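# Observations on the model geometry
Now for the letters of each chain:
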Amino acid sequence: MEKTFEFAQNVVGFIINEEINQQKIEEILSTIKNRLEVVSPICLYLEDESDQGISVKAFLKALEFNYSHSRDLQKIAVVTDDKVFQKSMEIKDLLVSSKVKSFEKKERLKAMNWVME
């Protein structure tokens, strides 16, 4: 299950309470593509409520999408207490031009502020 919301026209948020697997990342990317038809670039807020992280296949799919849409994605804030997910986002930040930053759950307001700056 996921909740989708918007902070502003160019900021899309997702709160996910299960592992981000191949199917879940496809759903998320579909929502992002639909938003990009309206406005570009956008910023993303992704909160992992479950702390189950992201599967390798989903991570690679997200990386591929981010790389092919590098001009469309300005910032990505990831909120999770899963250390592996946090580290994977740091690696992603080295590979793509979007600004990617991970936050612990207790820092969710800081993440929201950062992604809206």
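Note: the structure precedes this text.
Description of the structure in this document. (Residues numbered from 1 in each chain as written. Predicted model: local features only at pLDDT ≥ 70, side-chain atom pairs only at ≥ 80, totals over all residues. Heavy atoms only, no water.)

Our focus in this paragraph is the packing of helix α1 (residues 22-36) against helix α2 (residues 56-68). Interaxial distance between α1 and α2 falls to 8 Å at its minimum, and their mutual angle equals 20°. Considering the angle they form, α1 stands roughly parallel to α2. For α1 against α2, the interelement crossing comes out right-handed. Of the residues in α2, those in contact with Q22, I25, E26, L29, I32, K33 and L36 of α1 are K57, A58, K61, A62 and F65. (Axes fitted to C-alpha atoms, helices over the stretch in contact; angles between N-to-C directions. Helix = DSSP H or I, 4+ residues; strand = E, 2+ residues; numbered from the N terminus. Parallel < 35°, antiparallel > 145°, perpendicular 65-115°, else oblique. Left-handed = near helix turned anticlockwise from the far one by under 90°. Contact = heavy atoms within 4.5 Å.)

Below, the discussion takes up unusual backbone geometry. The linkage connecting S40 with the following residue, P41, adopts the cis geometry, with an omega of 0°. For P41, the location among the structural elements is in the loop between α1 and β3 (42-48).

Where a protein is soluble and globular, its nonpolar side chains tend to be buried together. The biggest cluster of nonpolar side chains holds 23 residues, and the ones touching the most others in it are F14, I20, I28, I32, I42 and L44. Listed in part, the 9 residues of the second largest apolar core include V11, A77, F103 and A111. (Core = buried A, V, L, I, M, F, W, Y, C linked by side-chain atoms within 4.5 Å. Buried < 20%, exposed > 50% of the residue type's maximum accessible area, 1.4 Å probe, protein only.)

What follows covers the packing of aromatic side chains. Inspection of every chain in the model, using the stated rule, returns 1 aromatic pair. Ring centres of F103 and W114 lie 6.0 Å apart, and the angle between their planes is 55°; on these two criteria the pair is classed as tilted. Here the residue F103 occupies a position in strand β5 (residues 99-103), and W114 occupies one in helix α4 (residues 108-116), the gap between them amounting to 11 residues. Of the two residues, F103 and W114, neither departs from the other in class, the shared state being buried. Here K75 stacks its cationic end above the ring of W114, 4.8 Å away from the centre of that ring. (Phe/Tyr/Trp six-rings, centres within 6.5 Å; stacked < 30°, edge-to-face > 60°. Lys NZ or Arg CZ within 6 Å of the ring centre and 35° of its normal.)

Pairing within the open sheet is mixed, and its 5 strands lie in the order β1-β2-β3-β4-β5. Looking at which strands have only one partner, the edges of the open sheet turn out to be β1 (2-8) and β5. Sheet twist, expressed as the average angle between the axes of neighbouring strands with direction ignored, equals 15°. The pairing of strand β2 (residues 11-16) with β3 spans 6 bridges and is classified as parallel. Each bridged residue has a counterpart across the sheet, and for F14 the counterpart in β3 is L46. Along the sheet, α4 makes contact with β1, β2, β3, β4 (73-79) and β5, crossing β4 at roughly 180°. (Pairing = 2+ DSSP bridges.)

For the rest of this paragraph, the subject is the side chain of K24. Looking at the secondary structure, you find K24 in helix α1. A polar contact of 3.5 Å, which involves the side chain of K24, links it to the side chain of E18. Side chain to side chain, K24 and E27 meet in a polar contact 3.0 Å long. (Polar contact = N/O pair within 3.5 Å; in protein donor to acceptor, adjacent residues only side chain to side chain.)

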